[in-house]
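Examination of the molecular architecture
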Amino acid sequence: FTAGDNVNLEGTDEQFSQCFDPNWGRHKARIRPSPGGHDYLTPGAAGYFNYYGATAGDPSEGYYSYDIGSWHILSLNSEVSAVAGSAQEQWLRADLAAHPSDCTLAYWHIPLFSSGTVHGPTDTMLDIWQVLYQYGVDLVINGHEHFYERFAPQTPFGVADYGYGIRQFISGTGGAWLGYPFDEPQPNSEVRNNNVYGVLKLSLNEGSYDWEFIPEPGNSFTDFGSENCTRPDQPR
């Protein structure tokens, strides 16, 4: 998956062909992307949608869902309206109601929770988080910040909730410059690193998941763990 800002800086066709493709293009057939703000610096994120084609969903929406094993996966779009009543929020409710999986993961670009000083916490996707929490989604993955951060399961309003809370990761270490500074850690922030490139590996098991931050060669920072999925019997 990608968590937005697939190329810097403007998301042009040329940047996808000359920057992204030589480095990540060998994985293109199995990448399920999501867009970010830099992708939309080209009007309509045309470079992004041209590069990924039908895999990226309807260009007028930029959000879609799919399944991996027993998991239901949501690729959402924080660059278009996501407020309550928006087309994306209504689509999300219908999609989750139609796919009552025991384990569900959602990813997009702009995080709700962040300990960074460059962007910090942003409520762009708060209404989406409330829907995800209502339907018992387990994991949220974001980018935007140029660092790595892991949060404990929590409610959309930052209250620790190990019963039904959502665990959020920020995985913004895939290529752009690092070093976005941290402020005082947000409540429920468990792990932070802003000076190591790497990727977040997720193993989606039956009823559980494992995570592992894999650093570039020569760096020792990592983060790993396991968690069971928790889903209410019916929407809250």
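This text goes with the structure placed above it.
So, a few notes on the structure that sits alongside this text. What you see is a predicted model; the values in this text were computed from it and never measured. (Residues numbered from 1 in each chain as written. Predicted model: local features only at pLDDT ≥ 70, side-chain atom pairs only at ≥ 80, totals over all residues. Heavy atoms only, no water.)

**Points about the environment of D58**
Considering the arrangement of structural elements, one finds D58 in the loop between α2 (46-52) and β1 (64-68). In terms of polar contacts, D58 uses its side chain to reach the side chain of S60, at 2.8 Å. (Helix = DSSP H or I, 4+ residues; strand = E, 2+ residues; numbered from the N terminus. Polar contact = N/O pair within 3.5 Å; in protein donor to acceptor, adjacent residues only side chain to side chain.)

**Brief notes about a nonpolar patch on the surface**
A surface patch of nonpolar side chains, amounting to about 220 Å² of accessible area, comprises W24, V199 and I214. As for its position among the elements, W24 is in helix α1 (residues 13-24). The exposure class assigned to W24 is partly exposed, which follows from its relative accessible area of 33%. (Patch = residues over 30% accessible without salt bridge, like charges linked within 9 Å, V, L, I, M, F, W, Y side chains within 5 Å. Areas by Shrake-Rupley, 256 points an atom, 1.4 Å probe, with all protein chains shown as cover. Salt bridge = Lys/Arg side-chain N within 4 Å of Asp/Glu carboxyl O. Buried < 20%, exposed > 50% of the residue type's maximum accessible area, 1.4 Å probe, protein only.)

**Some thoughts on the nonpolar core**
Grouped together as the largest cluster of nonpolar side chains are 22 residues, with contacts concentrated most on L76, L92, L96, W108, I128 and L132. Elements with a contribution of two residues or more to this core: α3 (87-98) and α4 (126-134). Per element, the largest residue contribution to this core is six residues, and it comes from α4. If near-sequence neighbours (up to four positions away) are discounted, I128 is found in contact with L76, A82, Q88, E89, L92 and W108. With 19 residues, the next largest nonpolar core counts I141, V191, L200 and W211 among its residues. (Core = buried A, V, L, I, M, F, W, Y, C linked by side-chain atoms within 4.5 Å. Contact = heavy atoms within 4.5 Å.)

**A look at the packing of aromatic side chains**
Scanning the model with the defined rule gives 21 aromatic pairs in all. Ring geometry for W71 against Y209: centres 6.0 Å apart, planes inclined by 80°, an arrangement best described as edge-to-face. Of this pair, W71 sits in strand β2 (residues 71-75) while Y209 sits in strand β9 (residues 208-215), and the two are 138 residues apart along the sequence. When sorted by exposure, W71 lands in the same class as Y209, which is buried. Ring geometry for F213 against F221: centres 5.3 Å apart, planes inclined by 55°, an arrangement best described as tilted. Here a set of aromatic residues connected by ring pairs shows up, and it is made of W71, Y148, F169, Y209, W211, F213 and F221. Between the NZ or CZ atom of K28 and the centre of the ring of Y51, over which it lies, the distance is 4.0 Å. (Phe/Tyr/Trp six-rings, centres within 6.5 Å; stacked < 30°, edge-to-face > 60°. Lys NZ or Arg CZ within 6 Å of the ring centre and 35° of its normal.)

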